[in-house]
Amino acid sequence: MKFVKTGKYRQDTLERSVEINSLEEAQNRLKRMNYFLGFIREQNPDIFPEYINKLIEKYQGLLEDERRKANPPDLDELVSENPHMKEHLELTRLVLNYILQILRLPAEDKLGKTKVVNRNYFRSWSHHNYSNLLVLTETLNRTDGIDLYKKFVTHHTLENRDPKRKTVDSVKIIYEKAIEPKEEPSDWEIVHTLIGDGKYAFRNDTCVFFNAIGEDLPDTELKYYVCCYGDYEKFRNYHDSIVLTMEHTIAQGDPYCSRVLHDTRVDWDLRHPPKSFWDSMKPENE
């Protein structure tokens, strides 16, 4: 069996600067949260007012003193196509200020092209989603809050899936594309192999998202749902017949993430290889 390693995690991965368009980044985050609020209101309208109030209280506590009353000049533009965020404008202002705080960008400057530290870029994706989930578990209860968040993640992915997307004929195509040499290696170190007809296994040895989060977010289970759970439905973007299994994750304290893409057009046996298999993956190109 052939094992191929791709990617190289570098010492400066999280500390180097990256250029972003902060307006587009804010639009993406608020658009997702707008869907989230609409989903919670539709699924559990009885708790929705309490949930909004608790979110406002949560974000007020997360903000530095000078940012609690800051009014980002792009706020009106950002809520124009997000009705739930527009309806709860005070919450939106606080969430936006929190995202800008993580990115270490001025609260009252116009958004646009700028440079941020890579670590802060990844944290700006994870931290407010974690807070939204945490408050949901506190408003409902832990089990029901997690179940509702999982349902949201799946529905959001399905809602944004392009029905005209180009799908693949086999997982071998995904594998071959993944191991193609890149001009600049990814920061994600992954070991790849085909373990049978219609089965592509890959072991993530680094997770940039988790490294960026570090110990900031203490609840390991919630970090898993924020960082990893969306992958189950996301990999079906390749084809509706492709199913991901994943047993070990760095977010849950394992040394790697073990993942297999199963093509159910070929085989519906979704058994995941044992830990001994993942531990024995020695890449030939290392």
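Refer to the structure presented above.
The structure contained in this document is the topic of the report that follows. All values reported here derive from a predicted model rather than from experimental measurement.

## Re the pattern of salt bridges
A full pass over the atoms with the stated rule returns 25 salt bridges. Residues R10 and D187 are paired through a salt bridge, measuring 3.0 Å at the closest nitrogen-oxygen approach. Here R10 is found in the loop between β1 (4-6) and β2 (17-21), whereas its partner D187 is found in the loop between α8 (171-178) and β4 (190-196), with 177 residues between them in sequence. The partly exposed category is assigned to R10, whose relative accessible area is 27%. When its relative accessible area of 13% is taken as the criterion, D187 is described as buried. Connected via shared salt-bridge partners are R10, D12, R16, E184 and D187.

## Some words on the state of the cysteines
Simply put, disulfide is the name for a covalent bond between the sulfur atoms of two cysteines. Under the criterion given, the structure shown has 0 disulfides. Unpaired in this structure, C207 has its nearest cysteine sulfur neighbour in C257, at a distance of 5.7 Å. On the accessibility criterion, C207 (12% relative accessible area) is buried.

## With respect to the sheet that holds β1
A sheet is described by the order of its strands in space; here 5 strands give the open sequence β1-β4-β5-β7-β6, paired in antiparallel fashion. Edge strands, defined here as strands with exactly one partner in the open sheet, are β1 and β6 (242-246). Across this sheet, the average inter-strand angle for adjacent strands is 25°, counted without regard to direction. Across 3 bridges, β1 lies against β4 in antiparallel orientation. Bridged to T6 within β4 is I190.

Cut-offs and rules
- Residues numbered from 1 in each chain as written.
- Predicted model: local features only at pLDDT ≥ 70, side-chain atom pairs only at ≥ 80, totals over all residues.
- Heavy atoms only, no water.
- Salt bridge = Lys/Arg side-chain N within 4 Å of Asp/Glu carboxyl O.
- Helix = DSSP H or I, 4+ residues; strand = E, 2+ residues; numbered from the N terminus.
- Buried < 20%, exposed > 50% of the residue type's maximum accessible area, 1.4 Å probe, protein only.
- Disulfide = S-S within 2.5 Å.
- Pairing = 2+ DSSP bridges.
- Axes fitted to C-alpha atoms, helices over the stretch in contact; angles between N-to-C directions.

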